[in-house]
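# Structure at a glance
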Amino acid sequence: MIITEPSLPFESFIERRALSLYGGCVQPDAVVVGTGPNGLAAAVTLSRAGLKVALYEARKTIGGGLRTEPLFDVDIEHDICSAVHPMAVVSPFFRQFDLASRGVNMMHPSVSYAHPLHNGQAGLAYRDLEATCAHLGPDGDRWRRLMKPLLDHSRELVDFIMSGQRSLPRNPSAPALLLSRMLAHGTALAPGRFRTEVARSLLTGVAAHAVGKLPSLASGAVAMLLGHLAHGTGWPIPEGGSARIADALARDITAAGGIFHTDHHVTSLDELPRAKVVLLDTSPRTLARIAGDRLPVGYRRGLARFRYGPAAAKVDFLVSEPIPWANPAVGQAATVHLGGTQAEMFRAETAAAAGIRTQEPFVLLVDPAQADPSRARPGRRPVWAYAHVPNGDTTDPTAMVTACIERYAPGFTDTVIHRRGVSGAGLHAYNPNYVGGDIGAGAMTLWQSLMRPVPRFDPYRTPLTRVYLCSASTPPGPSVHGMSGYLAALSALRHEFGIRTPPDLGPLPINR
Ligand SMILES: Cc1cc2nc3c(=O)[nH]c(=O)nc-3n(C[C@H](O)[C@H](O)[C@H](O)COP(=O)(O)OP(=O)(O)OC[C@H]3O[C@@H](n4cnc5c(N)ncnc54)[C@H](O)[C@@H]3O)c2cc1C
């Protein structure tokens, strides 16, 4: 199923129309293709350095993975892609950009994420570490020993993972902590680390955000990063939806003179205006297509070898009441992992990575109104859930995902007013960056996490003069952190303009 262009709320329509019509006659210094969080972060960085920036976006609206739109009912907005933003509050780019001071209000549930089991038990990751440890009973001390040192070194750990991963960290304690925990929880040793299934599955559900074979070292790193943030800066939801983040970035770009051209799918570099630099917030496959024969054969082969991971197949629901979880405590969380036991998740995730479809895949569910009541109206609230399925899968996931939720929340189906499924292939049709439905912009193996898209000292520079890749297919990889765009822009500023000092990204008086 293909997502149709939803109708926009009037204000957003006017605002974005204005963005696309504004200016247009000035020769840009820099062109950015794609307006996902990384394209927008790149444009913010370049325009703050004093460059004239023009952005091109294939769809009618900007935002990439940051779109929030009504689907079934004009009053209820749904996040089309991302919904929960642990990285948008901690990444070095967003720390400087400072979403809070630009009016983006992050809403926190008391439980960052929950993991119900079939027997009625549920793991709850409270924002409060001690409350989590108390809830985990016999595994409480182990959970504290795992998470507390990560929390104590949270800033160094985040900065290490969010770096371009090409320089040695000044302080080796965070990488050492991370490595020891990846070895313990991202390998065959994982099942022995906790005594109870509740704790084992609670952590494994976070590892499953890596969308790939389980266990694996890459998924271990993801579990440590997101897992410890759940007890620190949290897993917040922006009030009003993810598009509020894109809006704040776009306001900064237009205030600095940037120009948006929407509804323009770029198929060749020749279509773009002459500019001193071009940054592509696209997949490596699109880079190869739009640069064509200009790329050296070796680099093109490298891009062709880039592997894409399993797909997400998503269902958006409009429901009449809060989800009737069998274990009511689960309702304290906005993010819920539906994957069963650790062994079941290992099997399902490994099968999806191997291209095998299972009837009970891992499902990630978000109930945004739990954290942000403004998202609901009496008798209507949005719910979003996606299953991990093989890359390229064309099956409508609606029945499978509904049945999965029903297993943990009997009666859920009766609350559904509207629902809409988008297969992995449908997600690709919606956004060419999700190749085959891979929302991670490339398989999350340890090698590809470090060496995306091809092994190069500067992963953002392509062999073409003045052409850079700035999407999540470059380090540090997927999620809404803006760092791929920011680091690519810094590289372009250094190499093409001789600007070595990163620009100030803090709010201008006009953005406050
Ligand atoms: C269903 C789903 C749920 C997710 N949930 C979360 C979440 O809760 N939290 C989180 O942090 N992350 C989440 N993610 C991942 C997150 O959205 C991505 O990692 C992030 O958006 C990647 O940003 P990007 O800028 O690299 O690319 P994208 O956000 O994919 O943006 C790329 C943009 O470029 C445009 N484009 C591509 N090719 C061209 C072209 N040739 N010409 C013109 N325009 C082009 C596309 O239309 C798109 O707008 C989710 C993703 C999906 C799909």
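These numbers were taken from a predicted model, which means no experiment stands behind them.

Rules and cut-offs
Numbering of residues starts from 1 in each chain and follows the order in which that chain's sequence is written. Restriction of local features to residues with pLDDT of at least 70 applies here, the model being predicted, together with a cutoff of 80 or more for giving and counting side-chain atom pairs; totals for whole chains, interfaces and linings are based on all residues. To obtain the side-chain values, all non-hydrogen atoms of the structure were used and water was disregarded. Accessibility here uses a 1.4 Å probe with only protein chains present; expressed as a share of the type maximum, an area under 20% marks a residue as buried, one over 50% as exposed, and anything in between as partly exposed. Note on conventions: DSSP H or I runs of at least 4 residues are helices, E runs of at least 2 residues are strands, and numbering of each starts at the N terminus. In this scheme, strands are said to pair when DSSP sees at least two bridges between them. Each residue is tested against the molecule or strand, and it is near if at least one of its non-hydrogen atoms lies within 4 Å. Polar contacts, as counted here, are pairs of nitrogen or oxygen atoms within 3.5 Å of one another; within protein the pair requires one atom able to donate a hydrogen and one able to accept it, and residues that are adjacent in sequence qualify only if both atoms are side-chain atoms. Note on areas: Shrake-Rupley, 1.4 Å probe, and residue coverage restricted to the protein chains presented here. The residue classification treats Ala, Val, Leu, Ile, Met, Phe, Trp, Tyr, Cys and Pro as nonpolar and Asp, Glu, Lys and Arg as charged. All others, Gly included, are polar. Each domain's extent was defined by an automatic or database domain assignment. By convention in these notes, a salt bridge is any Lys or Arg side-chain nitrogen within 4 Å of a carboxyl oxygen on Asp or Glu. Whether two residues are in contact is decided by their heavy atoms: any pair within 4.5 Å suffices. For any pair of parts, buried area is found by adding up, for both, the accessible area (1.4 Å probe) each one loses once the two are put together. Each axis is a line fitted through C-alpha atoms, taken for helices only over the stretch in contact, and angles between the N-to-C directions span 0 to 180 degrees.

### Observations regarding the pairing of strand β14 (residues 381-389)
For β14, the tally of buried residues reaches nine of nine residues, placing the bulk of the element in the interior. A two-sided burial pattern is seen for β14, the buried positions comprising Arg-381, Val-383, Ala-385, Ala-387 and Val-389 on one face and Pro-382, Trp-384, Tyr-386 and His-388 on the other. Note that strand β11 (residues 311-319) and β14 share nine bridges and pair antiparallel. Note on β14: the bridge partner recorded for Ala-312 is His-388.

### Focus on the site of the ligand
In the vicinity of the ligand lie 36 residues, with Glu-57, Gly-65, Val-84, Asn-431 and Ser-479 positioned nearest. With respect to the ligand, the side chain of Asn-38 contributes an N or O atom lying 2.8 Å from an oxygen atom. Gly-65 is positioned with one of its backbone polar atoms (N or O) 2.7 Å from an oxygen atom of the ligand. Compared with its free state, where it exposes 1,000 Å², the ligand has 95% of that area covered by protein. Elements supplying a minimum of two residues to the shell around the ligand: α2 (37-48) and β14. By residue number, the principal contributor to the shell around the ligand is α2, which donates three residues. For the shell around the ligand, the per-class residue count stands at 16 nonpolar, 16 polar and four charged. When residues of the shell around the ligand are assigned to domains, at least three map to each of domain 1 (10-83 + 241-305 + 440-511) and domain 2 (108-236 + 310-430).

### Some thoughts on the pattern of salt bridges
Following the criterion strictly, the structure yields 21 salt bridges and no others. As a salt-bridge pair, Asp-159 and Arg-95 come within 3.1 Å of each other at their nearest N and O atoms. Of this pair, Asp-159 sits in helix α6 (residues 154-161) while Arg-95 is found in helix α3 (residues 92-97), placing the two residues 64 residues apart along the sequence. Here Arg-102 makes a salt bridge to Asp-252, at a shortest N to O gap of 2.8 Å.

### As for the domain arrangement of the protein chain
Looking at the assigned domains, one finds that the protein chain contains domain 1 (10-83 + 241-305 + 440-511) and domain 2 (108-236 + 310-430). Spacing between the C-alpha centres of domain 1 and domain 2 amounts to 27 Å. Contact with domain 1, which involves 31 residues of that partner, is made by 30 residues of domain 2. For the pairing of domain 1 and domain 2, the buried interface totals around 2,500 Å² over both sides, and the portion due to carbon and sulfur atoms is 58%.

### Quick word on unusual backbone geometry
Between Leu-214 and Pro-215 the backbone carries a cis peptide bond, its omega angle lying at -10°. As for its placement among the helices and strands, Pro-215 is situated in the loop between α8 (197-207) and α9 (217-229). For the bond from Arg-452 to Pro-453, the omega torsion is -5°, close enough to zero to count as cis. Within the secondary structure, Pro-453 is located in the loop between α17 (446-450) and β16 (467-469). A positive phi angle, close to 60°, is found at Asp-263, a residue other than glycine. Following the sequence through the fold, Asp-263 ends up in the loop between β9 (259-261) and β10 (277-280). Look at Arg-466: it is not a glycine, yet its phi comes out positive at around 70°. Relative to the helices and strands, Arg-466 resides in the loop between α17 and β16. Arg-466 sits in the partly exposed class, given a relative accessible area of 42%.

### Concerning the sheet that holds β11
Taken together, the seven strands give an open sheet; going across it, the order is β7-β6-β12-β13-β14-β11-β15, and neighbouring strands pair in mixed fashion. Looking at the sheet topology across the chains shown, the edges are occupied by β7 (122-126) and β15 (416-422). Averaged over all pairs of adjacent strands, the angle between their axes in this sheet comes to 20°, without regard to strand direction. Pairing of strand β6 (residues 111-116) with β7, which is carried by five bridges, proceeds in the antiparallel orientation. Following the sheet pairing, Val-111 is matched in β7 by Tyr-126. In the packing of helix α14 (residues 398-408) onto the sheet, the strands contacted are β6, β11, β12 (333-338), β13 (363-366), β14 and β15, and the crossing angle to β11 comes to about 65°.

### A word on the pairing of β11
With respect to burial, β11 is a largely interior element, nine of its nine residues being buried. Residues Ala-311, Ala-313, Val-315, Phe-317 and Val-319 of β11 are buried on one face, and the alternating residues Ala-312, Lys-314, Asp-316 and Leu-318, pointing to the opposite face, are buried as well. Sheet topology note: the β11/β15 ladder contains six bridges and is antiparallel. Of the residues in β15, the one forming a bridge with Asp-316 is Arg-420.

### Focus: the sheet that holds strand β2 (residues 53-56)
Hydrogen bonding along the main chain pairs the strands of a sheet, whether they run parallel or antiparallel. Taken in spatial order, the five strands line up as β9-β2-β1-β10-β16 in an open sheet, and their pairing is parallel. Two strands bound the open sheet, and with one partner strand each, they are β9 and β16. Neighbour-to-neighbour, the strand axes of this sheet turn through a mean angle of 20°, independent of strand direction. In this structure, strand β1 (residues 30-33) lies alongside β10, joined through four bridges in parallel fashion. Counterpart to Val-31 in the pairing with β10 is Val-278. Contacts from α2 reach β1, β2, β9 and β10 within the one sheet, and its direction differs from that of β2 by about 170°.

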